Amino acid sequence: MQQQVPEGVMMVDMQTDQPQILSTRPDTTRVIMDQTGLDPAMLRDLVHRFYGKIRADSVLGPIFASRITDWTPHLDRMVAFWSSVALMTGEYHGAPVPAHAHLPVTWAHFDRWLDLFRETANEICLPAGAAHVIDRAERIALSLHIAVKDAGRTGLNAVPNLR
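Residues numbered from 1 in each chain as written. Predicted model: local features only at pLDDT ≥ 70, side-chain atom pairs only at ≥ 80, totals over all residues. Heavy atoms only, no water.

Chemist: Is there a simple way to explain helix H2 (residues 40–56) in this structure?
Modeler: An α-helical turn contains 3.6 residues, so any two residues separated by three or four positions project in the same direction. Between its terminal C-alpha atoms H2 stretches 24 Å, which fits the 24 Å expected from 17 residues at 1.5 Å a residue. For H2, the set of buried residues is Met42, Leu43, Leu46, Val47, Phe50, Tyr51, Lys53 and Ile54. Axial view of H2: buried residues confined to an arc of 150°, hence all on one face. For H2, exposure combined with an orientation more than 90 degrees from the buried face picks out Ala41 and Ala56. You can read the cap of H2 off the contacts: a side-chain oxygen lies 3.1 Å from the backbone nitrogen of Ala41, and it is on Asp39. (Helix = DSSP H or I, 4+ residues; strand = E, 2+ residues; numbered from the N terminus. Expected span 1.5 Å × (residues − 1). Buried < 20%, exposed > 50% of the residue type's maximum accessible area, 1.4 Å probe, protein only. Arc of directions from axis to C-beta. Polar contact = N/O pair within 3.5 Å; in protein donor to acceptor, adjacent residues only side chain to side chain.)

Right under this line is the structure:
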């Protein structure tokens, strides 16, 4: 009897020691991994190292510390998020815009976040992988910045206009 595994979970094939992709888009995920050199372990390392820098940062650290008390579930959620964003695995099922729209941040905060992300991506990833995740991080930062600005203009319960 074959064990059922939730969609979006990655497992390792014990015979080949290669990740077995159990997602809605395994072919796309494999192509991205081949083209970028990214894999689940690298993304986990990227997320953990990046948020280690965030926590130590004098500008961003206090913002995160005031909202996150247990980092383990947050890091797990961010690994799933970046796996979905970078590898198209479908592991993340959250709503990042509402979670960030109420934060007391400006573009300077997002710019600092991007500086730390770029630095970490270039330390961890091969050049193609770093370019891939940095491109996505830049889009995410811009979208979240727009959402924060929009929430400030329309109130916290309004749906942000991301156009």
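Chemist: Just to check I follow, could you spell out the layout of surface pockets for this structure?
Modeler: Taken as a whole, the largest pocket encloses approximately 610 Å³ of empty space. Lining the largest pocket are 26 residues; nearest its centre among them are Phe64, His74, His100, Leu103 and Leu144. For the lining of the largest pocket, the elements supplying multiple residues, two or more each, are helix H3 (61–65), helix H4 (71–87), helix H5 (96–100), helix H6 (107–124) and helix H7 (127–154). For the lining of the largest pocket, the element with the most residues is H4, which contributes five residues. (1 Å grid on protein atoms, 1.4 Å probe; cavity = no way out; pocket = protein on both sides within 12 Å on 5 of 7 lines; lining within 4 Å. Points joined across faces, edges and corners; volume = space filled by probe spheres on them.)

Chemist: Can you help me understand the environment of Arg49 in this one?
Modeler: Take Arg49: it is sitting in helix H2. Residues Arg49 and Thr120, 71 residues apart in the sequence, show an inter-C-alpha distance of 7.0 Å. Once residues lying within four places of it in the same chain are set aside, the contact partners of Arg49 are Thr120, Glu123 and Ile124. (Contact = heavy atoms within 4.5 Å.)

Chemist: Sorry, what's going on with the packing of aromatic side chains here?
Modeler: Remark: the centre distance and the inter-plane angle together describe each pair of aromatic rings, the angle taken between the planes. The tally for this structure, following the rule as stated, stands at 11 aromatic pairs. Here Phe64 and Trp71 contribute two aromatic rings whose centre-to-centre distance is 6.2 Å and whose plane-to-plane angle is 25°, an arrangement assigned as stacked. Residue class for Trp71 comes out buried when judged on its relative accessible area of 10%. Aromatic side chains Trp107 and Phe110 sit 6.1 Å apart centroid to centroid with 25° between the ring planes, which places their arrangement in the stacked category. Taken together, the residues Trp107 and Phe110, both in helix H6 and three residues apart, mark about one turn of the helix. Residue Trp107 is classed as partly exposed on the basis of its relative accessible area of 34%. Take Phe110: its relative accessible area is 9%, and that puts it in the buried class. Through a chain of ring-to-ring contacts, three or more aromatic side chains come together here, namely Phe50, Tyr51, Phe64, Trp71, Phe81, Trp82, Tyr92, Trp113 and Phe117. (Phe/Tyr/Trp six-rings, centres within 6.5 Å; stacked < 30°, edge-to-face > 60°.)

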